[in-house]
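Structural description and commentary
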Amino acid sequence: MASAPGLQLRTDFDRLYSALNNLLMNALKFTHSGRVDLTVEVDGDAVLVEVRDTGIGIPVEHVRHIFEPFRQ
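Residues numbered from 1 in each chain as written. Predicted model: local features only at pLDDT ≥ 70, side-chain atom pairs only at ≥ 80, totals over all residues. Heavy atoms only, no water.

Looking only at helices and strands, one finds two helices and two strands in the chain. Reading the chain from its N terminus to its C terminus gives the helix and strand order α-β-β-α. Relative to the globule expectation of 11 Å for 72 residues, the C-alpha radius of gyration of the chain, 15 Å, shows a markedly less compact shape. Taken along its principal axes, the extent of the C-alpha atoms in the chain is 40 × 30 × 20 Å. In the form shown here, the chain has an accessible surface area of approximately 6900 Å², with 55% of it arising from carbon and sulfur atoms. In the chain, 7 positive and 10 negative side-chain charges are present, and the distance between their average locations comes to 6 Å. (Helix = DSSP H or I, 4+ residues; strand = E, 2+ residues; numbered from the N terminus. Rg over C-alpha atoms; globule rule 2.2 N^0.38 Å. Areas by Shrake-Rupley, 256 points an atom, 1.4 Å probe, with all protein chains shown as cover. Lys, Arg positive; Asp, Glu negative; His and termini not counted. Charge placed at Lys NZ, Arg CZ, Asp CG, Glu CD.)

It is worth spelling out the pairing of strand S1 (residues 36-43) at this point. Direction of pairing for S1 relative to strand S2 (residues 46-53): antiparallel, over a ladder of eight bridges. When the sheet's bridge partners are listed, Leu38 is paired in S2 with Val51. (Pairing = 2+ DSSP bridges.)

Following the criterion strictly, the structure yields three salt bridges and no others. Residues Arg15 and Asp12 are paired through a salt bridge, measuring 3.8 Å at the closest nitrogen-oxygen approach. Taking the relative accessible area as the measure of exposure, Arg15 reaches 66% and is therefore exposed. Across the pair Asp37 and Arg35 runs a salt bridge whose closest N-O atoms are separated by 2.9 Å. (Salt bridge = Lys/Arg side-chain N within 4 Å of Asp/Glu carboxyl O. Buried < 20%, exposed > 50% of the residue type's maximum accessible area, 1.4 Å probe, protein only.)

Quick look at a nonpolar patch on the surface now. Side chains of Ile58, Val63, Ile66 and Phe67 sit close together on the surface and give an oily, nonpolar patch of about 440 Å² of accessible area. Tracing the sequence through the fold places Val63 in helix H2 (residues 60-63). (Patch = residues over 30% accessible without salt bridge, like charges linked within 9 Å, V, L, I, M, F, W, Y side chains within 5 Å.)

Written out as structure tokens, the structure reads:
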């Protein structure tokens, strides 16, 4: 794993915190056994954040609605 000495991330802390908190809490909530992984990678001027888990997943028929407000 490479490091990024001197990397500065300019972001809205509250929004970043909220997004990461929601992703990680959902991953933990629905992963009763297995694992939850958080990876952060620098890609040029971007920072890529990925949350993966071995939880139950989202039924195929619900995937198209995941970014709609007021849906679970």
